[in-house]
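Each chain is listed here by its residues.
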Amino acid sequence: MSSKDWIEKDYYAALGVDKSASSDEIKKAYRKLARESHPDHNPGDTGAEERFKTVSEAYAVLGDEKKRREYDEMRSLFGSGAFRRSARGAGQPGGMPFDVSDLFGGGAGGGDNRFSGGGFTDLFSSIFSGGGGAGGGPARPRGPARGRDVETEVALDFDDAVRGVTLPLTLRAPGVCDTCHGNGAKPGTQPVACPVCHGAGVTTRNQGSFSFSEPCRNCQGVGTIVEEKCPECHGTGGVTKTRTLNVRFPAGVADGQRIRLAGRGEPGERGGPAGDLFVQVKVRPDELFGRTGDDLTLTVPITYAEAVLGTDLRVPTLDGTVTLRVPPGTPSGRVLRARGKGVVRKDGRAGDLLVTLDVVVPAKVSDEARAALETFAAQTPPAAREHLDARVRRFS
């Protein structure tokens with residue numbers, strides 16, 4: 001199936017549907033016609049076989065949303081089948097001889113396979129995008145171009161990330177040449193208009209009925225050339241520089257967060273704006289504290305006696321200490337909350353310090369401690385394991 005077929009054949013008529021038909025209507029029409037003309041239902045009927053091929057070909061295009069859109073664009077551009085495989089010159093607009101095979105370079109029943117199927121959009125976008133004639137305006141010279149973004153990575157201590165810090169950041173990246181100030185010309189000289197495009201930045205050539213505009217190859221679309229190049233940048237207008245920036249990391253910056261510094265990336269071309277600098281933050285872990293959002297986390301070990309009898313527990317925070325009450329009978333894993341002792345939010349409020357209690361069971365005890373524990377065990381009720389014991393007895 002070639003692009004020439006798309007121009008000559010009316011696939012909507014082949015399926016008996018309107019051009020505005022929905023996908024479901026097209027599918028329904030195809031199934032009906034395919035059943036009626038299928039060779040298995042019409043043995044020996046060459047006409048039915050041809051009809052089956054026609055409706056299958058039509059559905060292969062109209063049943064695919066992308067191909068259907070390109071098919072409609074092509075037929076709209078070429079007058080919905082106005083150019084047909086008739087004698088050369090017959091029925092052509094204005095009496096001009098035209099055969100669609102001339103456009104695609106194919107003979108009868110042929111066509112260039114490079115443009116078959118869904119290649120119409122690629123073919124004509126390459127002809128008309130930015131070109132002269134139908135379908136678009138002339139190509140424009142390359143104007144100012146924005147510089148590229150730059151990304152780097154900085155490792156922060158946990159305390160600096162929570163409190164905020166300003167650090168010097170040294171980068172080695174492209175920058176504007178200080179000798180020629182970015183124009184690429186030797187000091188005392190200036191770039192001159194390109195002799196090929198005369199400063200337009202584009203060149204135009206004719207090919208048959210079409211005219212093509214493209215960026216000038218002599219000046220790469222800039223419109224100017226440098227006759228005497230800058231000795232520092234050799235005419236490029238840019239050099240690799242080492243520069244130091246003071247970067248402010250706000251309080252509460254998180255691991256993996258990106259800080260954007262507008263206009264601190266690579267310089268633009270031909271007077272265009274600079275790109276941005278993105279700083280990826282990596283936070284070193286703290287030996288005591290963890291972090292969950294704006295809350296700080298801390299694990300504190302306590303003895304079995306402290307868990308049973310209760311105690312007042314003094315724990316550190318980022319800027320001091322706080323005393324927490326451990327109630328009697330506290331199980332291991334309970335979390336105590338110290339409000340406002342976490343990470344300060346942007347609105348000035350702070351998260352909390354979450355303290356997880358870890359009851360430590362000693363591996364060895366003295367004889368006196370063992371005797372005291374045995375007495376304690378004899379005077380305390382057993383753990384509530386009735387639901388477990390009932391299941392164990394089923395397997396006894």
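Residues numbered from 1 in each chain as written. Predicted model: local features only at pLDDT ≥ 70, side-chain atom pairs only at ≥ 80, totals over all residues. Heavy atoms only, no water.

A few words now on the overall build of the protein. In terms of helices and strands, the protein carries eleven helices and 15 strands. Out of the 396 residues in the protein, the part that is buried amounts to 33%. Long-range contacts, defined here as pairs at least 24 residues apart, represent 62% of the contacts in the protein between residues at least 6 apart. Of the roughly 24300 Å² of accessible surface on the protein, 51% is carried by carbon and sulfur atoms. (Helix = DSSP H or I, 4+ residues; strand = E, 2+ residues; numbered from the N terminus. Buried < 20%, exposed > 50% of the residue type's maximum accessible area, 1.4 Å probe, protein only. Contact = heavy atoms within 4.5 Å. Areas by Shrake-Rupley, 256 points an atom, 1.4 Å probe, with all protein chains shown as cover.)

What follows concerns a nonpolar patch on the surface. Nonpolar side chains collect at one region of the surface, where Y304, V365, L373 and F376 lie side by side and expose about 330 Å² of accessible area between them. Its relative accessible area of 33% is what places V365 among the partly exposed residues. (Patch = residues over 30% accessible without salt bridge, like charges linked within 9 Å, V, L, I, M, F, W, Y side chains within 5 Å. Salt bridge = Lys/Arg side-chain N within 4 Å of Asp/Glu carboxyl O.)

Regions with low pLDDT carry predicted coordinates that are not meant to be interpreted in detail. On average, residues of the protein score 79 in pLDDT, and 79% of them are at 70 or above. Mean pLDDT across the elements of the protein bottoms out in helix 7 (residues 120-128) (44) and peaks in strand 14 (residues 335-338) (96). In this model residues 80-139 is a low-confidence stretch, pLDDT under 50, and it forms 92 contacts with partners more than four residues away in sequence or in other chains. (pLDDT = per-residue confidence, 0-100.)

As summarised here, the arrangement of the four strands in space is 10-11-15-14, forming an open sheet in which the pairing is mixed. Either end of the sheet is taken by a strand with one partner, and the two such strands are strand 10 (290-292) and strand 14. Put simply, the sheet's adjacent strands are angled 35° from each other on average, direction ignored. (Pairing = 2+ DSSP bridges. Axes fitted to C-alpha atoms, helices over the stretch in contact; angles between N-to-C directions.)

This model, assessed by the stated rule, comprises four aromatic pairs. By the ring-pair criterion, three or more aromatic residues cluster together here, those being Y11, Y12 and Y71. Residue placement shows R258 over the ring face of F278; its charged tip is 4.4 Å from the ring centre. (Phe/Tyr/Trp six-rings, centres within 6.5 Å; stacked < 30°, edge-to-face > 60°. Lys NZ or Arg CZ within 6 Å of the ring centre and 35° of its normal.)

One pass over the full model with this rule turns up 14 salt bridges. Here R339 and D352 are joined by a salt bridge, their closest N and O atoms 3.7 Å apart. In this pair, R339 is assigned in the loop between strand 14 and strand 15 (353-360) and D352 in the loop between strand 14 and strand 15, connecting sequence segments 13 residues apart. Given a relative accessible area of 65%, R339 falls into the exposed group. The buried category is assigned to D352, whose relative accessible area is 11%. Through salt bridges that share partners, R146, D149, R260 and D276 make up one connected network.

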